[in-house]
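# Observations on the three-dimensional arrangement
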Amino acid sequence: MALPTPRILLGPGPSSVTPRVLEALGRAPIGYLDPELFTLLEDIRTNLRTLYGTQNDFTFPLTGTGMAGMEACLVNLIEAGDRVVIGVNGFFGLRLVEISRRLGAEVTVINGEWGRILEPEMFSEVLSKLGQVKLVACVHAETSTGVATPLAGIAEVAHTHGAVFLADMVTSLGGIPVDVDSSGVDAAYSGTQKCVGAPPGLSPLTISERAWEVANNRKSPVANWYLDWKLLRAYYDAPHAYHHTVPVNMLFALQEALQEVMEEGLEARYARHREVSAYLMEGLAELGIRPFAQEGYRLPQLNSIHIPESVTDEVAVRKRLLEQYGLEIGGGLGDLKGKIWRIGTMGASATHRNVTLLLAALKEIL
């Protein structure tokens, strides 16, 4: 059976990983209760706290992708009948709504324009009209649009009305500052396959004491056994009671990726994402291609752009990039399908070399 053709991953995720991370992925596995595994996990958890900008003790790498992280947070914090307010300005905000409704929550949706940020005033207006609200949630870095919504103002509104605040940080963690503690975020989840620099398969979570108490004091059992925080915490913390067989090789890779992040330094890493994104956008402007997301709030790691009017079959362009040049970029999701392209400059993929190759290929195709 033929191996997959090597790709330069410049889509919305996953991003490329370094040889060093790949080498770690290939180490001999150890058992899920091996003392060395918990030493490794403590190293991972310490570095995740630094990356998240938090002192939260319950910070850990959940087994599963970013969607598992989203579901884990919602299923632990929500009970049937709870009032939940969710800001939606893109595709993944809709996922928050869908899961919350499946859990039996009374969901109020704040609909924002796709490609623009959510404003605190939008939440304040809605929350002031509702009674007790259990949870407020939104996406920090909306992968479907390339826009970053500031979180501190929304968190303040949520806390004023007695709600916990949940943020999706799947695309933001490791690419831009997330500042969980100073922003007032009570719970957040992410993924390893984007700016963190590891393969897909783990979802870093960070849970504040405030969010933990909400989950701990719920009246009904958590509807999902596998994602129950109490059971998971008993494994990741002492007494390390068996819960499930963790993907130890993925943990090896994540440990190495986080070590690379720490060696580069957070400010230097964020600066690299900004510099490479700026280089990309300058080159696209020369091709007459315009940015999509709101100016001043554009993600440097996920660049959304209008598809040129001259392109009659955008899927064919992406197919040609992939098959002829080994370059992957993403199309639009939901209402933006066929309207935008999404170019990721994340983690190890964020290099001037990769952008130069993409710009040259696009110039030839267009």
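Attention here is on the structure that accompanies the text.

This paragraph deals with the overall build of the protein. Helix and strand content of the protein: 13 helices and 14 strands. For 366 residues, the compact-globule estimate of 2.2 N^0.38 gives 21 Å, and the C-alpha radius of gyration of the protein, at 20 Å, lies within 12% of that figure. For the C-alpha atoms alone, the extent of the protein along its principal axes is close to 60 × 55 × 40 Å. Considering the protein as a whole, with its 366 residues, one finds that 57% of them fall into the buried category. Of the contacts made within the protein by residues no fewer than 6 positions apart, 72% connect residues no fewer than 24 positions apart. Accessible area for the protein stands at about 15300 Å²; split by element, carbon and sulfur atoms hold 53% of it. Each charge class in the protein can be summarised by its mean position, and for the 31 positive and 41 negative side chains these summaries are 5 Å apart.

As a further point, take the packing of aromatic side chains. In this structure the tally under the stated criterion is eight aromatic pairs. A ring pair is formed by Phe 60 and Tyr 236, whose centres lie 4.9 Å apart and whose planes are at 45°; its orientation type is tilted. Of this pair, Phe 60 sits in strand E2 (residues 58-63) while Tyr 236 sits in helix H9 (residues 229-236), and the two are 176 residues apart along the sequence. Judged by its relative accessible area of 0%, Phe 60 is buried. Every member of this aromatic cluster is reached through a ring pair, and the members are Phe 38, Phe 58, Phe 60, Trp 212, Trp 229, Tyr 235 and Tyr 236. It is Arg 233 that lies over the ring of Trp 212; its NZ or CZ is 4.6 Å from the centre.

A few words on the sheet that holds strand E5 (residues 135-139). In a beta sheet, neighbouring strands are held together by backbone hydrogen bonds and run either parallel or antiparallel to one another. Strand order across the open sheet formed by seven strands is E2-E10-E9-E8-E5-E3-E4, with mixed pairing between neighbours. In this open sheet, the two edge strands, each paired with only one partner strand, are E2 and strand E4 (106-111). Taking each pair of neighbouring strands and ignoring which way they run, the sheet shows an average axis angle of 15°. Here six bridges tie strand E3 (residues 83-88) to E4, and the two strands are oriented parallel to one another. Across the sheet, residue Gly 87 finds its bridge partner in E4, namely Ile 110. The strands touched by helix H5 (residues 120-127) within the sheet are E3, E4 and E5, with E4 carrying the most contacts at an inclination of about 145°. Lying on the sheet, helix H6 (residues 152-160) is in contact with E5 and strand E8 (164-168); it crosses E8 at an angle near 150°.

As a further point, take the side chain of Gln 301. With respect to the element layout, Gln 301 can be found in the loop between helix H11 (266-286) and strand E11 (302-306). A polar side-chain atom of Gln 301 sits 2.9 Å from the main-chain carbonyl oxygen of Thr 171. Beyond its immediate sequence surroundings of up to four residues, Gln 301 is in contact with Thr 171, Ser 172, Gly 175, Ile 176, Cys 195, His 273, Ile 343, Gly 344, Thr 345 and Met 346.

Moving on: the pairing of E5. In terms of burial, E5 is largely enclosed, as five of its five residues are buried. Neither face of E5 is left uncovered, since the one carrying Leu 135, Ala 137 and Val 139 and the one carrying Val 136 and Cys 138 both have all their residues buried. For E3 and E5, the ladder comprises three bridges, and the chain directions are parallel. Counterpart to Ile 86 in the pairing with E5 is Ala 137.

To continue, consider the packing of helix H8 (residues 209-216) against H9. At a closest axis distance of 10 Å, the pairing of H8 and H9 adopts a crossing angle of 125°. By the angle between their directions, the pair H8 and H9 is classed as oblique. Packed against H8, whose contacting residues are Glu 209, Ala 211, Trp 212, Ala 215 and Asn 216, the element H9 presents Trp 229, Lys 230 and Arg 233 at the interface. Class assignment for the residues of the contact of H8 with H9 results in four nonpolar, one polar and three charged.

With that settled, consider H6. Considered for burial, the residues of H6 that qualify are Ile 154, Ala 155, Val 157 and Ala 158. Along the axis of H6, the buried residues cluster in a sector spanning 160°; they form a single face. Facing away from the buried surface of H6 by more than 90 degrees, the exposed residues are Glu 156 and Thr 160. The elements touched by buried residues of H6 are H5, E5, E8 and helix H7 (180-183). Where H6 terminates, the next one or two residues include Gly 162, which has phi positive at roughly 75°.

Bringing unusual backbone geometry into the picture now. With an omega of 5°, the peptide bond between Gly 13 and Pro 14 qualifies as cis. By the element assignment, Pro 14 lies in the loop between strand E1 (8-9) and helix H1 (19-25). The omega torsion across Ala 238 and Pro 239 is 15°, close enough to zero to call that bond cis. Relative to the helices and strands, Pro 239 resides in the loop between H9 and helix H10 (248-264).

This part is about the environment of Thr 351. Examined against the element boundaries, Thr 351 turns out to sit in the loop between strand E14 (340-344) and helix H13 (352-365). The sequence separation of Thr 351 and Ser 124 amounts to 227 residues, and the corresponding C-alpha distance is 41 Å. Of note is the side chain of Thr 351, whose polar atom sits 3.1 Å from the backbone nitrogen of Asn 354.

Spatial strand order, E11-E14-E13: three strands in an open sheet with antiparallel pairing. The outermost strands of the open sheet, each flanked by one partner alone, are E11 and strand E13 (330-331).

Parameters and conventions
Residues numbered from 1 in each chain as written. Predicted model: local features only at pLDDT ≥ 70, side-chain atom pairs only at ≥ 80, totals over all residues. Heavy atoms only, no water. Helix = DSSP H or I, 4+ residues; strand = E, 2+ residues; numbered from the N terminus. Rg over C-alpha atoms; globule rule 2.2 N^0.38 Å. Buried < 20%, exposed > 50% of the residue type's maximum accessible area, 1.4 Å probe, protein only. Contact = heavy atoms within 4.5 Å. Areas by Shrake-Rupley, 256 points an atom, 1.4 Å probe, with all protein chains shown as cover. Lys, Arg positive; Asp, Glu negative; His and termini not counted. Charge placed at Lys NZ, Arg CZ, Asp CG, Glu CD. Phe/Tyr/Trp six-rings, centres within 6.5 Å; stacked < 30°, edge-to-face > 60°. Lys NZ or Arg CZ within 6 Å of the ring centre and 35° of its normal. Pairing = 2+ DSSP bridges. Axes fitted to C-alpha atoms, helices over the stretch in contact; angles between N-to-C directions. Polar contact = N/O pair within 3.5 Å; in protein donor to acceptor, adjacent residues only side chain to side chain. Parallel < 35°, antiparallel > 145°, perpendicular 65-115°, else oblique. Nonpolar A, V, L, I, M, F, W, Y, C, P; charged D, E, K, R; others polar. Arc of directions from axis to C-beta.

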